[in-house]
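A structural walkthrough
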Amino acid sequence: MKETGFLETIVARRREDVAGLDARKLRAAAESNRHQRGSHRLRAALAKTDTVNIIAEFKRASPSLGFIRADASLTEMVTRYEKSGACALSILTEPAFFHGSLDDLCAARARTTLPLLRKDFIVSEAQIDEAATAGADAILLIVAALSDQELPDFRIHAEEKLGLDALVEVHTEEELSRATACGATLIGVNNRDLHTFVTSVETSERLAALAPPGAILVSESGISSRADVVRLRRCGYSGFLVGESLMRADDPTALIRSLQGKGPRVKVCGVTKAADALRCGELGVEMLGLNFSTESKRCLSPAAARALIEAVRPRFPTIEFVGVFVNQPLEFVREVVSELDLDAVQLHGDESPDYARELAAPFTIKTVQVNGADALQDAGDYDCDAILLDSYSAHARGGTGKRFDWSVATAVQEKVKRLILAGGLTPENIGAAIKMVQPFAVDVCSGVEEAPGKKDHDKLRRFVAAARAIG
């Protein structure tokens, strides 16, 4: 199929498919079914503000990609989605190009109580009745596929007559205007251009500013990292429809939890290269440590740090940059923090509690090297925003690759505001560390390196995935 004919071809095919539906029989069945179910359940799920609302999608294939996961088990995926904390499920039911069916929707309904969205090319009220009969709680209306008469008629039939929700999907400013005119207040912005198949979350950012007041916004397609979610929530999005990324993921559970930001924050320290920092951003890492100690093999000059930050901040504005200092003059630390607009300071030497107080940084982390039970007393001496526990070494201030007894960390946890766990963490042991300590954040350096200051991107990926898999 030629890309430019994608939408028109599928819509024409769907109009042929539904021509033979028994509209009267479906209408009666839909009305009967809806009397037994709650109304506007998807809207209610998306209204929650204390979590990241993921609409997890099941689809076997797409016209642009072919089969994504042909052997996927719907019951297995639905179960995993629900256990992972998805707020709702989207089920592809278009048969010819996405290899879905109404049977998939019925099977999902039998497996879960979560709100279900029928994802299809709706071109007839009979399809809406069909969705209601099969147990759907919502339907998708694609503005580009419907006339100015069909769009409001279908929305009213779904929402006002049947108590379903209509997720009205737009791709452009003109389509958003049409959605607003038809009375839509649940609006999905599809980041994939239906003609070129190019995906960009900038589409959601651009259209959010034009949405009608009070509308519930859902961003669709191209969402694959925590950074995407944070970026779009700031624009006003209440929900995120994720399909291809989940269907391709080796561990969909871990991906959903990662998108939701569950588990501790991840800090990658000793970053010296923009390429490594950008990869961290793509993986959803929240904090990057930049080392300004001349004693370190990973030391950066303020000028080099500025170049790195300027390469990363425009693409990943939510990443926090942490300046790492070791026994350096207060004025030098203050100057670097101000010049680079750092988000936090990590004092990694023998700085005293008075030094930390006098510094008055926006967020102060004090490192305590664990050399027996003395760490308990040392950590309690500091009134800092966070205490970072690292392995003791007589020869290095960090990046040793050695771990300490994590039972010390569990004891310190009760005595500090926030605990950051470091010291010998790797993709292989981070899960066990998090389960035992339950820290505010985890800090990794040498455990994801191929050489000092040079990160191994595969180790980074595996470390973040393992950390996100633990809640």
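Overview of the structure. Quick caveat: nothing in here was measured; it's all calculated off a predicted structure.

Cut-off values and rules
- Residues numbered from 1 in each chain as written.
- Predicted model: local features only at pLDDT ≥ 70, side-chain atom pairs only at ≥ 80, totals over all residues.
- Heavy atoms only, no water.
- Helix = DSSP H or I, 4+ residues; strand = E, 2+ residues; numbered from the N terminus.
- Contact = heavy atoms within 4.5 Å.
- Areas by Shrake-Rupley, 256 points an atom, 1.4 Å probe, with all protein chains shown as cover.
- Salt bridge = Lys/Arg side-chain N within 4 Å of Asp/Glu carboxyl O.
- Buried < 20%, exposed > 50% of the residue type's maximum accessible area, 1.4 Å probe, protein only.
- Pairing = 2+ DSSP bridges.
- Right-handed = clockwise from strand over helix to strand, strands pointing away.
- Axes fitted to C-alpha atoms, helices over the stretch in contact; angles between N-to-C directions.
- Parallel < 35°, antiparallel > 145°, perpendicular 65-115°, else oblique.
- Left-handed = near helix turned anticlockwise from the far one by under 90°.
- Nonpolar A, V, L, I, M, F, W, Y, C, P; charged D, E, K, R; others polar.
- Arc of directions from axis to C-beta.
- Phe/Tyr/Trp six-rings, centres within 6.5 Å; stacked < 30°, edge-to-face > 60°.
- Core = buried A, V, L, I, M, F, W, Y, C linked by side-chain atoms within 4.5 Å.
- 1 Å grid on protein atoms, 1.4 Å probe; cavity = no way out; pocket = protein on both sides within 12 Å on 5 of 7 lines; lining within 4 Å.
- Points joined across faces, edges and corners; volume = space filled by probe spheres on them.

1. Comments concerning the overall build of the chain
A count of helices and strands for the chain gives 20 helices and 20 strands. With respect to the principal axes defined by its C-alpha atoms, the chain has extents near 80 × 40 × 35 Å. For the chain, long-range pairs separated by at least 24 residues make up 64% of all intrachain contacts whose partners lie at least 6 apart in sequence. Looking at the chain as shown, the accessible area adds up to about 19000 Å², and 48% of this sits on carbon and sulfur atoms.

2. Topic: the pattern of salt bridges
Counting across every chain of the model gives 41 salt bridges. Linking K119 and E57 is a salt bridge whose minimum nitrogen-to-oxygen distance equals 2.7 Å. Of this pair, K119 sits in strand β5 (residues 116–119) while E57 sits in strand β1 (residues 53–58), placing them 62 residues apart in sequence. Judged by relative accessible area, which is 13%, K119 ranks as buried. Note on E57: relative accessible area 2%, which makes it buried. One salt bridge in this structure joins R80 and E76, with 3.5 Å as the shortest N-O distance. Placement of the pair is R80 and E76 together in helix α4 (residues 74–84), with a separation of 4 residues, close to one helical turn. With relative accessibility at 22%, the residue R80 sits in the partly exposed group. Taken together, the shared-partner salt bridges connect R13, R14, D17, R118, D120 and E130 into one network.

3. Considering the pairing of strand β15 (residues 364–370)
Counting buried positions along β15 gives 7 out of 7 residues, so the element sits mostly inside the fold. Burial along β15 is two-sided: the residues T364, K366, V368 and V370 and I365, T367 and Q369 are all buried. Where strand β14 (residues 344–347) lies against β15, 3 bridges are found, and the strand directions are parallel. When the bridges of β15 are listed, V345 appears paired with T364. Crossover handedness for the path β14 to helix α16 (residues 353–359) to β15: right-handed.

4. Observations concerning the packing of helix α14 (residues 302–312) against helix α15 (residues 330–340)
Running from N to C, α14 and α15 cross one another at 25°; their axes reach a closest spacing of 10 Å. One finds that α14 runs roughly parallel with respect to α15. For the pair α14 and α15, the sense of crossing is right-handed. Contacts from P302, A305, R306 and I309 in α14 reach V336, E339 and L340 in α15. Per-class residue counts for the contact of α14 with α15 are 5 nonpolar, no polar and 2 charged.

5. A short note on helix α19 (residues 430–437)
Among the residues of α19, I430, G431, A433, I434 and V437 are the ones counted as buried. Projected down its long axis, α19 carries its buried residues within an arc of 165°, all on one side. Its buried side turned inward, α19 meets α18 (406–412), β17 (419–421), β18 (441–444) and α20 (457–468).

6. Some points on the packing of aromatic side chains
Applying the stated criterion across every chain, the model contains 4 aromatic pairs. Seen in terms of ring centroids, F98 and F121 are 5.9 Å apart; in terms of plane orientation they differ by 35°. Their pairing is tilted. Here F121 lies in the loop between β5 and α6 (125–134) and F98 lies in the loop between β4 (88–92) and α5 (102–111), a separation of 23 residues in the sequence. The same class applies to F98 and to F121, which are both buried.

7. Some thoughts on the nonpolar core
By size, the foremost hydrophobic cluster in this structure holds 61 residues, and its most contacted members are V268, L288, L290, F321, L342 and L389. Ignoring any residue separated from it by four or fewer positions in sequence, one finds L290 in contact with V271, L300, A305, L308, I309, F321, V322, G323 and V324. One finds L146, L164, A215 and I256 within the second-largest nonpolar core, a separate group that totals 59 residues.

8. Side note on empty space enclosed by the protein
For the structure shown, the criterion picks out 1 cavity of 30 Å³ or more. Taken as a whole, the largest cavity holds about 60 Å³ of empty space. Along its surface, the largest cavity is lined by A227, D228, R231, R315, F316, P317 and T318. Looking at the lining of the largest cavity, its residues break down into 3 nonpolar, 1 polar and 3 charged.

9. Quick word on the sheet that holds strand β16 (residues 386–391)
On the basis of which strands lie adjacent, the closed barrel formed by 8 strands has the order β11-β12-β13-β14-β15-β16-β17-β18 and parallel pairing. Direction aside, neighbouring strands of the sheet carry axes that sit 25° apart on average. Looking at chain direction, β17 and β18 are connected through 2 bridges and run parallel. Bridged to I420 within β18 is A441. Here α20 sits on the sheet and contacts β11 (265–268) and β18; the angle it forms with β11, its principal contact strand, is near 155°.

Structural measurements only, silent on function.
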